[in-house]
Amino acid sequence: MSETQKLTVVPARYPARSLGAVAALFILAAVVDSIAFNPRWEWGVFVRWFFDPVILNGLGQTLLLTLAGTVLSLIFGGLLALARLSSSWLLSTLAFGYIWLFRSLPLIVVLIILYNFSYLYDTLSLGIPFTPWSWGHFQTINVLGQFPAAVIGLTLVQSAYSAEIIRGGFLGVDQGQFEAASALGLSSSRRTFRIILPQALRAIIPTTFNEIISLAKGTSMVYVLAMPELFYTIQMIYNRTQQVIPLLMVGAAWYLIITTVLSLLQHSVERSLARSVTREAPPSRWRQWRNRYSTPAVIEERTHVRSH
């Protein structure tokens, strides 16, 4: 073969894959058609309530619960994870007991107990246990209202899961990194936050965002407290109007938007962490799609230009 003769690149054919894609698109089109043009879905009612101020107020409560529960559970879960990894048998045992307990209890049970906490204890005091020293007494019913009970309940349960996620991330770091950090004479806090944690984050971030998304949907459980978050608000409206399906679709659409935003944020954070490791961020979904359907000559040209 002559050196100047050009080779013709013939892409591989996958007829079964193409047939499967066509079948999937046909099924998707049938589902969309049945939903969009079925009058019993009452899309006019959906549009009427989607941006209603009452719905938006409930959405705000849901976002606030998600934010507060996420921040507090990550802080408390991080402390639990450090206690679980501690060389102190007492701290490790107490952290294990907490995680075991709150991973075993359903969220709805914790919320109901907290909301009825004033039945068990009339007052809460701030002071030194087993001594007469106290700096204040508070009526329990005034302290644990709907919103505080919801935040505390979500935090207590979510912290147990966050602790195990963070602990797993730390255990995923190679033991040699711990030994090297100790050999450098770094303090325990600097070893944790400057050496180990940045490496553990690559394993922690995906699972943590998965739990945050679950928490955002789990806020619907606080309806048992009669708190006007998104799901409870929708319940109150469709109990009055009897328009159940379109109002449930309103809630489903807002939950889809919340989880989509969180998923995009997760993708951005993961790309940022990957850039710190590989010095070059992985290609975006759009770039991967373009590279897949571009001709080999175009891809070769792009690679040649990038190398220069």
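Residues numbered from 1 in each chain as written. Predicted model: local features only at pLDDT ≥ 70, side-chain atom pairs only at ≥ 80, totals over all residues. Heavy atoms only, no water.

Here the focus is the overall build of the chain. Scanning the chain from N- to C-terminus turns up 14 helices and two strands. Put simply, of all contacts in the chain between residues at least 6 apart along the chain, 68% involve residues at least 24 apart. (Helix = DSSP H or I, 4+ residues; strand = E, 2+ residues; numbered from the N terminus. Contact = heavy atoms within 4.5 Å.)

Mean pLDDT over the chain works out to 84, with 87% of the residues at or above the 70 mark. Looking over the chain, one finds the lowest element-wise mean pLDDT in helix α14 (residues 296–307), namely 46, and the highest in helix α4 (residues 89–104), namely 95. In the model, residues 295–308 has pLDDT below 50 throughout and makes seven contacts with residues more than four positions away in sequence or in other chains. (pLDDT = per-residue confidence, 0-100.)

Tracing the chain through its elements places Ser 104 in helix α4. The class for Ser 104 is partly exposed, based on a relative accessible area of 48%. As a C-alpha pair, Ser 104 and Ala 160 span 56 residues in sequence and 9.7 Å in three-dimensional space. (Buried < 20%, exposed > 50% of the residue type's maximum accessible area, 1.4 Å probe, protein only.)

This paragraph deals with a nonpolar patch on the surface. Together, Phe 96, Trp 100, Leu 101, Leu 105, Val 109, Ile 113, Tyr 119, Leu 120 and Tyr 121 make up an exposed nonpolar region whose accessible area comes to about 960 Å². Contributions of two or more residues to the nonpolar patch are made by α4, α5 (107–115) and α6 (117–120). Here the nonpolar patch gets three residues from one element, more than from any other, and that element is α4. For Ile 113, the location among the structural elements is in helix α5. (Patch = residues over 30% accessible without salt bridge, like charges linked within 9 Å, V, L, I, M, F, W, Y side chains within 5 Å. Areas by Shrake-Rupley, 256 points an atom, 1.4 Å probe, with all protein chains shown as cover. Salt bridge = Lys/Arg side-chain N within 4 Å of Asp/Glu carboxyl O.)

Our next topic: the nonpolar core. Among the nonpolar cores identified, the biggest contains 23 residues, and Trp 49, Ile 55, Leu 230, Val 250 and Trp 254 are the most heavily contacted of them. Elements represented by at least two residues in this core include exactly α2 (43–50), α3 (53–84), α10 (188–218), α11 (230–241) and α12 (244–278). With eight residues, the top contributor of residues to this core is α12. In contact with Leu 230, not counting residues within four places along its chain, are Ile 55, Gly 58, Leu 59, Thr 62, Gly 251, Trp 254 and Tyr 255. Counting residues in hydrophobic clusters, the runner-up holds 22 residues, among them Ile 99, Ala 150, Leu 154 and Met 227. (Core = buried A, V, L, I, M, F, W, Y, C linked by side-chain atoms within 4.5 Å.)

Time to look at the side chain of Ser 162. Relative to the helices and strands, Ser 162 resides in helix α8 (residues 146–171). Discounting residues that sit within four places of it in the chain, Ser 162 has contacts with Ser 73, Leu 74 and Gly 77.

In a packed pair of helices, the relevant descriptors are the angle between the two axes and the axis-to-axis distance. The interhelical angle for the contact between α4 and α8, taken along N-to-C directions, is 120°, at an axis separation of 8 Å. With respect to α8, the element α4 is oriented oblique. Of the two possible hands of crossing, α4 and α8 adopt the one that is left-handed. On α8, the residues touching Tyr 98, Ile 99, Phe 102 and Arg 103 of α4 are Thr 155, Leu 156, Val 157, Ser 159, Ala 160, Tyr 161, Ala 163 and Glu 164. (Axes fitted to C-alpha atoms, helices over the stretch in contact; angles between N-to-C directions. Parallel < 35°, antiparallel > 145°, perpendicular 65-115°, else oblique. Left-handed = near helix turned anticlockwise from the far one by under 90°.)

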